[in-house]
Amino acid sequence: ALGITGKPEGLVFPSYILAPEFPTNCRKIGYGLDFGFSNAHTALVKIGLLGDNLYIKELLYIYGSNTDEIIRHLKKLAVSKNADLVADPQVKEILNDIADAGYNVIPGGKGKGSVRAGIDLLKRYKIHLTKDSLNLINEFDNYTWKVDRAGKSLNEPIDTHNDLIDATRYAAQFKLRGKKGKSTFRTVRTRASDIGLSL
């Protein structure tokens, strides 16, 4: 009645800070990519660390997509081919194609417990979302925990409002744990072709 909008109860990330821009002096800069299919978005974020401050910037948020479109967007957004691009590992054919285009694509963490582990990792930092990351902000404002019939939290997030958050989680789980690495996809494909195999 007062024109004041509220946030849902049980938010996974109840607080964050709006940043005017992505700092130029961040460390551990990396990119996270989540692939969109029939009813989800292809989502790309850039992350970086300053002390215990984690900065996140939305770069791409589009329904569906194919490999060629993703590569065109990576070029348009000037994502460095030397940067760590940590992606949804479910469709290895897409990862192979992105790697063949010259990008250092790395499969993100997936599997039992990986979502909760990624959330716990993100919560160790003060999260800053750039103010132009409108879809990312919307996800943070609507990503909630599941509850049982009694209204008790089940310690598991509802699988909606999380395309950009999943992309963030992939990048964070790789970059913030001090891992270093290069994509193995191009190497594997080259070796396979040398012996007459295809992947």
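So, how was this worked out
Residues numbered from 1 in each chain as written. Predicted model: local features only at pLDDT ≥ 70, side-chain atom pairs only at ≥ 80, totals over all residues. Heavy atoms only, no water. Helix = DSSP H or I, 4+ residues; strand = E, 2+ residues; numbered from the N terminus. Expected span 1.5 Å × (residues − 1). Buried < 20%, exposed > 50% of the residue type's maximum accessible area, 1.4 Å probe, protein only. pLDDT = per-residue confidence, 0-100. Contact = heavy atoms within 4.5 Å. Pairing = 2+ DSSP bridges. Axes fitted to C-alpha atoms, helices over the stretch in contact; angles between N-to-C directions. Parallel < 35°, antiparallel > 145°, perpendicular 65-115°, else oblique. Nonpolar A, V, L, I, M, F, W, Y, C, P; charged D, E, K, R; others polar. Core = buried A, V, L, I, M, F, W, Y, C linked by side-chain atoms within 4.5 Å. Salt bridge = Lys/Arg side-chain N within 4 Å of Asp/Glu carboxyl O. Polar contact = N/O pair within 3.5 Å; in protein donor to acceptor, adjacent residues only side chain to side chain.

Novice: Sorry, what's going on with helix α5 (residues 163–175) here?
Specialist: An α-helical turn contains 3.6 residues, so any two residues separated by three or four positions project in the same direction. Between its first and last C-alpha atoms α5 spans 19 Å; for 13 residues at 1.5 Å apiece the expected length is 18 Å, and the two agree. In terms of burial, α5 is largely enclosed, as 13 of its 13 residues are buried.

Novice: Mind showing me how you'd approach the confidence of the model for the protein chain here?
Specialist: Caution is warranted with low-pLDDT regions, since their predicted coordinates should not be read in detail. For the protein chain, mean pLDDT is 86; residues scoring 70 or higher make up 85% of the total. Segment residues 187–199: pLDDT under 50, and six contacts once partners within four positions in sequence are set aside and those in other chains are kept.

Novice: Got a minute to help me understand the pairing of strand β4 (residues 53–63) in this structure?
Specialist: The side chains of a regular strand alternate between both faces of the sheet. Pairing of strand β3 (residues 41–50) with β4 involves 10 bridges; the strand directions are antiparallel. For I47, the partnering residue across the bridge sits in β4 and is I56. Between β3 and β4, which pair antiparallel and follow one another directly, the connecting turn spans two residues, one of which, G51, has a positive phi of 65 degrees. As paired strands, β4 and strand β7 (residues 126–130) are joined by four bridges and run parallel to one another. Among the inter-strand pairings, I56 is bridged to a residue of β7, identified as L129.

Novice: What's the story with the packing of helix α3 (residues 114–122) against α5 in this structure? I'm lost.
Specialist: Angle between the axes and distance between the axes: these two values describe a pair of packed helices. Where α3 contacts α5, the two axes come as close as 9 Å, and the packing angle between them is 75 degrees. Relative to α5, α3 is oriented roughly perpendicular. Contacts from S114, V115, A117, G118, I119, L121 and L122 in α3 reach T168, R169, A172 and Q173 in α5. Of the residues belonging to the contact of α3 with α5, the class tally is six nonpolar, four polar and one charged.

Novice: Explain the nonpolar core here, please?
Specialist: Here is a general trend for soluble globular proteins: nonpolar side chains tend to be buried in one another's company. Residues F13, L54, I56, I127, L129 and F140 are the most contacted members of the largest nonpolar core, which totals 26 residues. Contributing elements (two or more residues each) for this core: β3, β4, α3, β7, α4 (134–140) and α5. Here the element with the most residues in this core is α5; it accounts for five residues. When near neighbours in sequence (up to four residues on either side) are disregarded, F13 contacts I119, L122, K123, I127, F140, Y143 and I165. Membership of the second largest hydrophobic core comes to 18 residues, among which are I70, L74, I94 and Y103.

Novice: Teacher, can you tell me more about the sheet that holds strand β6 (residues 105–107) here?
Specialist: Note: strands within a sheet are paired through backbone hydrogen bonds, in either parallel or antiparallel orientation. One open sheet holds the seven strands; their spatial order is β1-β7-β4-β3-β2-β5-β6, and the pairing between them is mixed. Here the strands that pair on one side only, and so sit at the sheet edges, are β1 (17–19) and β6. Put simply, the sheet's adjacent strands are angled 30 degrees from each other on average, direction ignored.

Novice: Got a minute to help me understand the pattern of salt bridges in this structure?
Specialist: Two side chains carrying opposite charge are able to pair once their charged atoms lie near each other. Under the criterion given, the structure shown has five salt bridges. A salt bridge links K57 to D132; the shortest N-O distance between them is 2.5 Å. Of this pair, K57 sits in strand β4 while D132 is found in the loop between β7 and α4, placing the two residues 75 residues apart along the sequence. Salt-bridge contacts for R169 lead to D166; the nearest nitrogen and oxygen are separated by 3.1 Å. One end of the pair, R169, and the other, D166, are both in helix α5, three residues apart, so they sit about a helical turn from each other.

Novice: Would you explain the side chain of T130 in this entry?
Specialist: Considering the arrangement of structural elements, one finds T130 in strand β7. Looking at T130, its side chain comes within polar contact range of the side chain of D132, at 2.7 Å. In this view, T130 contacts A19, E21, F22, I56, K57, E58 and I137; residues no more than four positions away in its chain are not counted.

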